[in-house]
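The residues making up each chain are set out below.
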Amino acid sequence: MNIPVFDFHCDTALALLGDDMNSAGSLQKNNGHIDLERASTLAGYAQCFACFTTSLMEEHGHISPVVAFERELATIQREIDANKKLISIAYTVDDIKANLEKGKMSAILTLEGTAGINYDPELLEDISLIGFRVASLGWNEKNPLTGSHKTGGGLTDRGREFVKEAQRLGILVDVSHISDEGFWDIMDVTNAPIIATHSNSRAVWDNSRNLTDDMFKAIVKTGGVAGFNQCDEFTGEKPTLDTVCDHILHFLDLDPTGKHIALGGDLDGITHMSEGFTGVQDYPKMAQRLLERGVSEGMIRDIFWNNAIGVMERAVCNHKI
């Protein structure tokens, strides 16, 4: 079953830089999880490319998060420009739809962690002009905006300001990696859809990176989505494509409309995935297994494409200048 794929999260920008944070790989073809050669076998493709930063980069003797952010962004921009006949940065939903009609792939810029912009809400407008459409408040470390799923702790006043400013600009706020306390603090202040770009069901596999049933229901109420993460750590012990289906079917039990589930594979940011899934080219296998497990083709199309488009449209409707 080959249908268009919209994936909310990957770490390909960092993977292309390599361990020394200098440009090394090619988006056109590489040995990672995502390249354009394999993505072109899909019926359509839109990929959110994360620029990932954390304070731990500098603490562990690497380069500063600001420099890391600049290099990751430059890498994606360079690679897209080098392959502009195949893919382009999409600034709007209309861009994504137009690219799909032309048989062209779309790249959407996202922010994972805020160390690279100095945790500064005032810089959100600048990066939104570049094309950033999704932003998380942090990664696995406590920072000036919030705690994380590992450290605990809720939003600070600056964190609340960050959420409000992001939503004013039409940037979707991403709660993957955030603490439980931070999650509910965001729900208290949000006036726009909230997304978890790459988080699974905690009821199916108990991991603090996953969403509780109440969290997923809260995301649904905002009009947001949860993107399924392929990482085995968040999926299950020795996961298969059936394990993947178990997470999605559980979310469907909580929301039978199927309008609030999406994809967020975490590709190029993880090592082990479900058996039978090795990269972007395998999304049709996942779709086929969902079909075999009783999910309708229309609902699978929603999960793989339409729901992501819908939540981006709703974020833009919220945009106020």
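Here the structure is shown first, and the text comes after it.
Criteria and thresholds
Residues numbered from 1 in each chain as written. Predicted model: local features only at pLDDT ≥ 70, side-chain atom pairs only at ≥ 80, totals over all residues. Heavy atoms only, no water. Core = buried A, V, L, I, M, F, W, Y, C linked by side-chain atoms within 4.5 Å. Buried < 20%, exposed > 50% of the residue type's maximum accessible area, 1.4 Å probe, protein only. Helix = DSSP H or I, 4+ residues; strand = E, 2+ residues; numbered from the N terminus. Contact = heavy atoms within 4.5 Å. Salt bridge = Lys/Arg side-chain N within 4 Å of Asp/Glu carboxyl O. Polar contact = N/O pair within 3.5 Å; in protein donor to acceptor, adjacent residues only side chain to side chain. Axes fitted to C-alpha atoms, helices over the stretch in contact; angles between N-to-C directions. Left-handed = near helix turned anticlockwise from the far one by under 90°. Nonpolar A, V, L, I, M, F, W, Y, C, P; charged D, E, K, R; others polar. Pairing = 2+ DSSP bridges. Arc of directions from axis to C-beta.

Judged by nonpolar contacts, the single largest core of 78 residues is most densely connected at Phe183, Ile186, Ile248, Tyr283, Met286 and Phe304. Among the elements that make up this core, the one with the highest residue count is helix α10 (residues 241-254) (6 residues). When neighbours within four sequence positions are excluded, Ile186 is seen to be in contact with Leu137, Leu155, Val163, Val173, Val175, Ile178 and Ile194. Within the second largest apolar cluster, 19 residues are counted, among which are Ile108, Ile195, Ala308 and Ala315.

The subject of this paragraph is the pattern of salt bridges. Taken as a whole and assessed by the stated rule, the structure comprises 16 salt bridges. Between Arg38 and Asp35 there is a salt bridge, and its shortest N-O distance comes to 3.0 Å. Judged by relative accessible area, Asp35 falls into the buried class, the value being 2%. One salt bridge in this structure joins Asp282 and Lys285, with 3.4 Å as the shortest N-O distance. The exposure class assigned to Asp282 is buried, which follows from its relative accessible area of 6%. Look at Lys285 and you get partly exposed, because its relative accessible area is 44%. What emerges from the salt-bridge pattern is a single network uniting Asp242, Asp246, Arg289, Glu292 and Arg293.

This part takes up the side chain of Thr54. Here Thr54 lies in the loop between β2 (45-52) and α3 (56-59). Here Glu141 takes part through its side chain, which lies 3.4 Å from a polar atom of the side chain of Thr54. With residues up to four places along the chain from it excluded, the contact list for Thr54 reads Pro65, Ala115, Trp139 and Glu141.

Two quantities define a packed helix pair, namely the angle between the helix axes and the distance between the axes. Running from amino to carboxyl end, helix α9 (residues 213-222) crosses α10 at an angle of 65 degrees, the nearest separation of the two axes being 10 Å. Judged by the sense of rotation from one axis to the other, the crossing of α9 with α10 is right-handed. On α10, the residues that touch Asp213, Phe216 and Lys217 of α9 are His250, Phe251 and Leu254. Residue classes in the contact of α9 with α10 are distributed as 3 nonpolar, 1 polar and 2 charged.

This brings us to the pairing of β2. When you tally the buried positions in β2, you get 8 out of 8 residues, the bulk of the element. Where burial is concerned, the two faces of β2 agree: the one with Tyr45, Gln47, Phe49 and Cys51 and the one with Ala46, Cys48, Ala50 and Phe52 are both buried. Of the pairings in the sheet, the one linking strand β1 (residues 5-7) to β2 comprises 3 bridges and is parallel in character. Each bridged residue has a counterpart across the sheet, and for Phe6 the counterpart in β2 is Ala46.

This part covers helix α5 (residues 93-101). Count 3.6 residues to each turn of an α-helix, and residues three or four apart come out pointing the same way. For α5, the complete set of buried residues consists of Val93, Ile96 and Asn99. Axial view of α5: buried residues confined to an arc of 125 degrees, hence all on one face. Residues of α5 that are exposed and angled more than 90 degrees away from the buried face: Asp94 and Glu101. Residue Gly103 follows α5 closely and has a positive phi angle near 75 degrees.

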